[in-house]
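# A look at the structure
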Amino acid sequence: MNPFSTLGIRHDIVNAITELGFENPTPIQEQAIPVLLSGSNDFVGLAQTGTGKTAAFGLPLLELLDFSENHPQALVLCPTRELCLQIANDIKNYAKNLSNVHIVAVYGGASISDQLRQIKRGVQIVVATPGRMLDIINRKAIDFSAVRYVVLDEADEMLNMGFQEDIDSILSTTPEDKKTWLFSATMPSEVRRIAKKYMTDPHELTMGTKNTGNANIDHEYYVVRARDKYAAFKRIVDFNPEIFGIVFCRTKIETQEIAEALIKDGYNADALHGDLSQQQRDKVMKRYRDRSLQLLIATDVAARGIDVNDVTHVINYSLPDEIENYTHRSGRTARAGKTGVSIAIINSKELGKIRQIERVIGKQFTKAEIPTGFDVCEKQLFGLIHKVHSVTVNEDQIEQYIPRIMDEFKDLSKEDVIKRFASLEFNRFLDYYKDAPDLNAPAYEERSSDRGRGDRYDRTSSRGNYTRLFINLGSVDDFTRGDMLGFICSNARISGKAVGKIDLKGVYTFFEVENNVVDQVQQGFKSVDFQGRNVRIELAGDRGESRGGGRERSTGGSFRERRERRSNSTGGFRDFSGKRRDERHEGNRGGDRRKKW
Ligand code: AMP
């Protein structure tokens, strides 16, 4: 027997939701549906967005209402137009095989006369945002005297948005003996108060721990200097080429600015905020839902209720003013059992806020490092390799060129062709990123701010243990530190992360690498030539270099720190499609990106 049938849902509805891909009830559906189907309780469900709430109350409503009667029997109040449309639509889909079911979505920013017309024709379920609902009530255009169920969805959001009075007025037009079902992602005292005010002995259901965020979300934070924030954000996006994300800003102006900068820089992004007309917002949302938009830059209010599946990342470009909003933001990812990442890009002064959020969501953040330029190169390179592997070959079209292509490559081995093909892109990336600075805020800043005292940053323990190596190339060979880093990484096939301080001298250089890659570096340079010269790598200790410029005596700090201090360039990115991403915006904030170390 279908598990929804076991819960008491009739065959016609089960068929409709099966078509929607609902095979098994989500935990909230499993627990709420039997309670709500009894029709005899008030109900409080503490559940995150994306857990299947809509069906948890929508399916029981369809079972409980009498669709032979054409008057309002259920009212669903929710905070935003987007959510309103979504709920109405979802319930219509569940009811697809039932006859005479009339559902109307009532929300602001759209023609009221259409909505009034639909109401006049007769509806049983009204899904509404409070403002427009009250407007219609005040026009005496609806009669709620026979309403049996009221659902307050995302109650905490409605209160945050200041709808308390509107809700009071709306509910005062409904009968005393109706049942009220309240859903909320969080349970601040205000929500508790309305639960108490409108309900008698409600059945309470808490999914997961109280206030705990969705377990499928990983929370990460990056600490950067305020001036590097935009560059860091882009680096994160570049490192995640498949990102499908929502980026939260605090104000409409910031939202617009970031979106414009991203568009100018060649990213597939657009803004969603309250200063846009409804038509513009609909257009943006449609593009996002259709996935023709990769990054949606939004304010909290505009993004409320957005239910788009498969959002991979939520990025808190600015942390929300209200901690509770963090839960709403992060709840836009990891929907319907999927996993997702919620990222906060903060400055060191904001660490306290992260700790506060951790307490509220009952989950710890992971501190992550802004990827280096080389990390991005590596990721993009392998992304390309993966694409090459999985590309669909249009045999008909390509066939005519194959003999000529084969002829071009006839002197090269398969390995050579692959190497050259990969280098074509990789060199371009390396070149583009070679001056990209480390965008992570120096850890001593972070620790002193985090702990409220000025601990000195212990470089050795924090950056792992390093071995100092010597290489017989230096500045006279026209190497910058960035060049050297690229040279080391590409020959030794190690990530830039494994390289520490680089002391570039005239005819030689000392550099640090993590102990576990020393052998790999030595192997990698075994037979490398540079302009006809044999490149030599030796352990620095073997060269007695500690007499001068060793770690203890260096005043320069780690490579990362130095790069941070000496370069105010912000790095850049050219994507594999060959499209140049304009770094102007980043550059304006950070200075000349071509500046050398
Ligand atoms: P909601 O929390 O109601 O916004 O639902 C989040 C997403 O999960 C929506 O896209 C639903 O279509 C989907 N969903 C809800 N219930 C189920 C289910 N039982 N099985 C699969 N997907 C579901």
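Remember, it's a predicted structure, so these values are computed and weren't measured experimentally.

## Some thoughts on the nonpolar core
Counting 45 residues, the largest nonpolar core has Phe57, Leu59, Leu62, Ile125, Val127 and Trp181 as its most contacted members. Ranked by the residues each element gives to this core, the list is headed by helix H4 (residues 53-64), at seven residues. Apart from the residues lying within four places of it in its own chain, the contact partners of tryptophan 181 are Leu36, Asn41, Phe43, Phe57, Pro60, Leu61, Leu64, Tyr149, Val150, Val151 and Leu152. Among the nonpolar cores identified, the runner-up in size contains 34 residues, and Val44, Leu46, Val147 and Met199 belong to it.

## Structural notes on the sheet that holds strand S11 (residues 295-298)
Pairing within the open sheet is parallel, and its seven strands lie in the order S10-S11-S9-S12-S13-S8-S14. Across the chains shown, the open sheet's two edge strands, defined by having one partner strand only, are strand S10 (269-272) and strand S14 (366-367). In the sheet, S10 pairs with S11 via four bridges, with the strands oriented parallel. Opposite leucine 272, over in S11, you have alanine 298 as the bridge partner. Along the sheet, helix H15 (residues 323-330) makes contact with strand S8 (217-223), strand S9 (245-248), strand S12 (313-316) and strand S13 (340-346), crossing S12 at roughly 155°.

## Some details on the sheet that holds strand S6 (residues 179-184)
In spatial order, the strands read S3-S4-S2-S5-S6-S1-S7; together these seven strands make up an open sheet with parallel pairing. Each end of this open sheet is capped by a strand with a single partner; those strands are strand S3 (103-106) and strand S7 (203-206). The sheet shows a mean angle of 10° between the axes of neighbouring strands, taken without regard to direction. Sheet analysis places S3 next to strand S4 (residues 125-128), joined by four bridges and oriented parallel. Looking across to S4, one finds that alanine 105 is bridged to valine 127.

## Topic: the pairing of S12
The side-chain alternation of S12 yields two buried faces, one formed by His313 and Ile315 and the other by Val314 and Asn316. Where S9 meets S12, four bridges bridge the pair, whose relative direction is parallel. Its bridge partner being in S12, isoleucine 246 is matched across the sheet by valine 314. As defined by bridge partners, S12 adjoins S13 across four bridges and the pair is classed as parallel. Each residue of the ladder has a partner; that of isoleucine 315, found in S13, is isoleucine 343.

## Considerations on the pattern of salt bridges
Applying the stated criterion across every chain, the model contains 24 salt bridges. Linking arginine 536 and glutamate 538 is a salt bridge whose minimum nitrogen-to-oxygen distance equals 2.6 Å. Accessibility expressed as a relative area gives 39% for arginine 536, which makes it partly exposed. Within the structure, one salt-bridge network assembled from shared partners comprises Lys53, Asp153 and Glu154.

## Observations concerning the site of the ligand
Lining the immediate environment of the ligand, one finds 16 residues, of which Asn24, Gln29, Thr51, Gly52 and Thr54 sit closest. Asparagine 24 has a polar backbone atom sitting 2.8 Å from a nitrogen atom of the ligand. Take glycine 52: an N or O atom from its main chain is 2.7 Å from an oxygen atom of the ligand. A breakdown of the residues in the shell around the ligand according to their chemical character gives four nonpolar, nine polar and three charged. Lining the shell around the ligand are residues from two domains, each supplying at least three of them: domain 1 (3-206) and domain 2 (217-367).

## Here's the deal with the packing of H15 against helix H16 (residues 351-361)
In contact at an axis separation of 9 Å, H15 and H16 are set at 70° when each is read in the N-to-C sense. In this view, H15 runs roughly perpendicular relative to H16, as classed from their interaxial angle. Judged by the sense of rotation from one axis to the other, the crossing of H15 with H16 is right-handed. Taken together, the residues of H16 that come into contact with H15 (itself represented by Ile323, Tyr326 and Thr327) are Gln356, Ile357, Val360 and Ile361. When its residues are assigned to classes, the contact of H15 with H16 shows five nonpolar, two polar and no charged.

## Here's the deal with unusual backbone geometry
If you check the backbone angles, aspartate 478 has positive phi at about 70° while not being a glycine. Counting through the fold element by element, aspartate 478 comes out in the loop between strand S15 (466-471) and helix H23 (481-492). Look at aspartate 478 and you get exposed, because its relative accessible area is 67%.

## A word on the environment of valine 35
Here valine 35 lies in helix H3 (residues 27-37). By relative accessible area, which is 16% here, valine 35 ends up buried. For valine 35, the contacting residues outside a window of four places in its chain are Asn41, Phe43 and His203.

## A word on the confidence of the model for the protein chain
Within the protein chain, residue pLDDT values average 81, and 85% of them lie at 70 or more. Overall, residues 444-464 carries pLDDT values under 50, and its contacts beyond four positions in sequence, including any with other chains, amount to 36 contacts. Between residues 544-597, whose pLDDT stays under 50, and residues either more than four places distant or in other chains, the model counts 156 contacts.

## Description of the packing of helix H5 (residues 81-94) against helix H13 (residues 278-289)
Packing of H5 against H13 brings their axes to within 12 Å, and their N-to-C directions diverge by 60°. By the angle between their directions, the pair H5 and H13 is classed as oblique. Considering only the axes of H5 and H13, their crossing is right-handed. Taken together, the residues of H13 that come into contact with H5 (itself represented by Arg81, Glu82 and Gln86) are Gln278, Arg281, Asp282 and Arg289. Classifying every residue of the contact of H5 with H13 gives no nonpolar, two polar and five charged.

## Considering a nonpolar patch on the surface
Taken together, the side chains of Val391, Val393, Ile398, Tyr401, Ile402, Ile405, Met406 and Phe409 define a hydrophobic patch exposed on the protein surface, amounting to about 690 Å² of accessible area. The element contributing the most residues to the nonpolar patch is helix H19 (residues 402-408), with three residues. Tracing the backbone through its elements, the reader meets valine 393 in the loop between helix H17 (373-390) and helix H18 (395-399).

## Quick look at helix H11 (residues 229-239)
Judged by how many residues are buried, H11 sits mostly within the fold: 10 of 11 residues are covered. The complete set of buried residues in H11 reads Lys229, Tyr230, Ala231, Ala232, Phe233, Lys234, Arg235, Ile236, Val237 and Asp238.

## A few points about the side chain of asparagine 325
Within the fold, asparagine 325 resides in helix H15. On the basis of relative accessible area, asparagine 325 is assigned to the buried category, the value being 7%.

## Some points on the state of the cysteines
Across all of its chains, the model carries zero disulfides by this definition. Lacking any disulfide linkage, cysteine 78 is separated from the closest cysteine sulfur, that of cysteine 84, by 4.6 Å. Accessibility expressed as a relative area gives 0% for cysteine 78, which makes it buried. Considering cysteine sulfurs only, cysteine 489 is the nearest to cysteine 377, which forms no disulfide, with 9.5 Å between them. With a relative accessible area of 0%, cysteine 377 lands in the buried category.

Criteria and cut-off values
- Residues numbered from 1 in each chain as written.
- Predicted model: local features only at pLDDT ≥ 70, side-chain atom pairs only at ≥ 80, totals over all residues.
- Heavy atoms only, no water.
- Core = buried A, V, L, I, M, F, W, Y, C linked by side-chain atoms within 4.5 Å.
- Buried < 20%, exposed > 50% of the residue type's maximum accessible area, 1.4 Å probe, protein only.
- Helix = DSSP H or I, 4+ residues; strand = E, 2+ residues; numbered from the N terminus.
- Contact = heavy atoms within 4.5 Å.
- Pairing = 2+ DSSP bridges.
- Axes fitted to C-alpha atoms, helices over the stretch in contact; angles between N-to-C directions.
- Salt bridge = Lys/Arg side-chain N within 4 Å of Asp/Glu carboxyl O.
- Near = heavy atom within 4 Å.
- Polar contact = N/O pair within 3.5 Å; in protein donor to acceptor, adjacent residues only side chain to side chain.
- Nonpolar A, V, L, I, M, F, W, Y, C, P; charged D, E, K, R; others polar.
- Domains from an automatic or database assignment.
- Parallel < 35°, antiparallel > 145°, perpendicular 65-115°, else oblique.
- Left-handed = near helix turned anticlockwise from the far one by under 90°.
- pLDDT = per-residue confidence, 0-100.
- Patch = residues over 30% accessible without salt bridge, like charges linked within 9 Å, V, L, I, M, F, W, Y side chains within 5 Å.
- Areas by Shrake-Rupley, 256 points an atom, 1.4 Å probe, with all protein chains shown as cover.
- Disulfide = S-S within 2.5 Å.

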